[in-house]
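Structure assessment
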Amino acid sequence: MQRKLLAGLYGRRLSYGTVERYLTSINIAAELGFTSFEIGSVSKLAKRLSDASKGNGQTLAIPQALAAQIYAYAINKVEMWHQRKEELSIYFHDYISLVEQEKSFEHFRVFFDASDFLSPDIRPNQKTNKYGSKSVTALYNDILIACGTVIGAVSGMRMTEWFELDADSYQVEKYKGITHHILVGKTSKLNSGIPTRHAWVTAPIARLAIELLTAITHARRERILATSNVEASNGSHKKAEKLKDISQCLFLSLGIEGKALTLSNTALRKAMKRLVESCPNDDGTTGARLREEHLEEFKVLNRDNSDAVLVGEYWPLLTHQFRRTFAVFLIRNGFGSFIQVKEQFAHANISMSIWYGRNADVAITLDLAQDSEIQAEIAEMNALLMTDVAEQIFLGDAPISGGGGKRIRDQIGNGNIVFESREEVEAAIKSGSLTIIDNGHSLCLNPKCSRLDCTIDPAVNAVTCNHDVIMPLHANKRVELRERLINRHKNAIEAGLKQPNLITKTLIGIRACEQVLREHNIPFEPYGQLIEVTRG
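Everything quoted here is computed from the prediction, not taken from an experiment. (Residues numbered from 1 in each chain as written. Predicted model: local features only at pLDDT ≥ 70, side-chain atom pairs only at ≥ 80, totals over all residues. Heavy atoms only, no water.)

**Considering the overall build of the protein chain**
Looking only at helices and strands, the protein chain features 22 helices and six strands. When burial is assessed residue by residue, the protein chain has 43% of its 536 residues classed as buried. A separation threshold of at least 6 residues defines the contact pool for the protein chain, and within that pool the share at least 24 residues apart is 65%. Taken as a whole, the protein chain presents about 29,300 Å² of accessible surface, with 53% of it coming from carbon and sulfur. (Helix = DSSP H or I, 4+ residues; strand = E, 2+ residues; numbered from the N terminus. Buried < 20%, exposed > 50% of the residue type's maximum accessible area, 1.4 Å probe, protein only. Contact = heavy atoms within 4.5 Å. Areas by Shrake-Rupley, 256 points an atom, 1.4 Å probe, with all protein chains shown as cover.)

**Describing a nonpolar patch on the surface**
A cluster of nonpolar side chains, contributed by Ile-28, Leu-32 and Phe-34, occupies part of the molecular surface with about 370 Å² of accessible area. Residue position: Phe-34 is located in the loop between helix 2 (16-31) and helix 3 (42-49). Overall, Phe-34 belongs to the exposed group, its relative accessible area being 68%. (Patch = residues over 30% accessible without salt bridge, like charges linked within 9 Å, V, L, I, M, F, W, Y side chains within 5 Å. Salt bridge = Lys/Arg side-chain N within 4 Å of Asp/Glu carboxyl O.)

**Focus on the side chain of Thr-325**
As for its placement among the helices and strands, Thr-325 is situated in helix 14 (residues 319-332). A polar contact is formed between the side chain of Thr-325 and the backbone nitrogen of Ile-62, at a distance of 3.0 Å. Setting aside chain neighbours within four positions, we find Thr-325 in contact with Leu-60, Ala-61, Ile-62, Ala-67 and Tyr-71. (Polar contact = N/O pair within 3.5 Å; in protein donor to acceptor, adjacent residues only side chain to side chain.)

**A closer look at the packing of helix 7 (residues 133-155) against helix 9 (residues 205-216)**
When two helices pack together, their arrangement is given by the angle between the helix axes and by the axis-to-axis distance. Running from amino to carboxyl end, helix 7 crosses helix 9 at an angle of 150°, the nearest separation of the two axes being 9 Å. With respect to helix 9, the axis of helix 7 lies roughly antiparallel. Judged by the sense of rotation from one axis to the other, the crossing of helix 7 with helix 9 is left-handed. Packed against helix 7, whose contacting residues are Tyr-140, Ile-143, Leu-144, Cys-147, Val-150, Ile-151 and Val-154, the element helix 9 presents Ile-205, Ala-206, Ala-209, Ile-210, Leu-212, Leu-213 and Ile-216 at the interface. Of the residues assigned to the contact of helix 7 with helix 9, the class counts are 14 nonpolar, no polar and no charged. (Axes fitted to C-alpha atoms, helices over the stretch in contact; angles between N-to-C directions. Parallel < 35°, antiparallel > 145°, perpendicular 65-115°, else oblique. Left-handed = near helix turned anticlockwise from the far one by under 90°. Nonpolar A, V, L, I, M, F, W, Y, C, P; charged D, E, K, R; others polar.)

**Digging into the sheet that holds strand 6 (residues 468-469)**
Across the sheet, which stays open at both edges, the three strands sit in the order 4-5-6 with antiparallel pairing between neighbours. This sheet does not close on itself; its edge strands, each paired only once, are strand 4 (437-438) and strand 6. Summarising the sheet, strand 4 and strand 5 (residues 443-444) pair through two bridges and their orientation is antiparallel. Residue pairing in the sheet places Asp-438 in a bridge with Leu-443 of strand 5. (Pairing = 2+ DSSP bridges.)

**A look at the pattern of salt bridges**
This model, assessed by the stated rule, comprises 20 salt bridges. Note that Glu-106 and Arg-109 form a salt bridge whose closest N and O atoms lie 2.4 Å from each other. Linking Glu-106 with Arg-109, this pair stays in helix 6 (residues 105-113), spanning three residues, or about one helical turn. Looking at Glu-106, the relative accessible area reads 40%, which means it is partly exposed. Linking Arg-332 and Glu-297 is a salt bridge whose minimum nitrogen-to-oxygen distance equals 2.6 Å. Within this pair, whereas Arg-332 is found in helix 14, its partner Glu-297 is found in helix 13 (residues 292-301), the two being separated by 35 residues in sequence. Residue classification places Arg-332 among the buried positions, given a relative accessible area of 5%. Accessibility expressed as a relative area gives 9% for Glu-297, which makes it buried. Residues participating in the shared-partner salt-bridge network are Arg-482, Glu-483, Arg-511 and Glu-514.

And the structure:
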């Protein structure tokens, strides 16, 4: 029996992680006395029985052309379904009602004939599938996954973070005249599994996805909320609160196939597989496959898993790939730095952000070799944007601070003109002698700076880098940062926190913010706490 079991695992060509979980379950069963079959070294045996070609597909970055094909298809589906979102909302509501009322097959036949959401060839018949549950559930899940794909593509959100989105998650904010599209939800990665509020910058298409999800899950959310109210009236308040929280989720199961309240991993993977396999190609065929023209880029981006997908195979789409692909795309195309990835992904430290964006630098070289004309246009655009900023610094009269800002203003004040015209600024940028990188809280003008290991966190350090320039935009950010630090300091004092170094660093951060506000003539009321020096 043991040999047959192990041979069965080996024959199924499963990944290492899946085999490891099976073997661990066998050991748990042995510990509980259900079997005498106990495995000594789970990891070693899992390595022997697993298929080495099936690595961790979640960490793969999708080649850009392939990602564009899959994402465009998902966007098209979302746009198409969004136009009929009210009809779909009623469709799923009425279907669930028919199932709950245990209506006859004739009622279901009339229901399916009244709409065109399912083609006639996959509608149920009396002999095979009385209720049509598999077909309707598949349609419902396909809509969920198209929306999830769009959200993942334009935000890099984790799948677990999708489940924290609600009907009001898509928001538009204006700052300094610039419109920002964001998704507001929760992430539990940084807080020991407890969800905390977070916002992700996104694209306007996310609005359609959220609105479509809100419409099709309406019936399920109503029912779960009703169940919550029943539990509360019966005195089960803890269960009621949990159900009430779940009723806000936009990735609920349809509730017909299986008992899970939210979309299961199995249903998710099946829907993603259908999405990939139905994706249209330019030649009239269907299926997003790894092609010969993708291969070099695929191996560059996924050097640790370069054999994970073979040419001609369907792309093994998984949710975490959206995250890795987003990070690589951002870095590769010069739309942001690892610091922006860290903020977007709510990473605790930048090393994880670097891991997500790994091999993007090699992909840049590949791009330069393959698309020199496009890269030249991007470089020209970046140079133009950099010139605009540099012109404000060297030729404008806006207040600037920071080590580099003070040095530039002192030079100009002493008659030492660095640049006399915009043309000179542009020439310096194109030659590489002047670079400008926005690290989120200041501008760095050092062309030799590694950017990552020299960045000074203004929240805990008053030291200013000799190459930093703080513009009015960055100074205004210090207002909110200062408020957060003051609240952090007050809470630490009220709680009697016995960590003087941490408290002092927070206070230094407040003083650093106030110094910047002072230099930019931004009014504020100085924080009254003094920095205490404890002598041993």
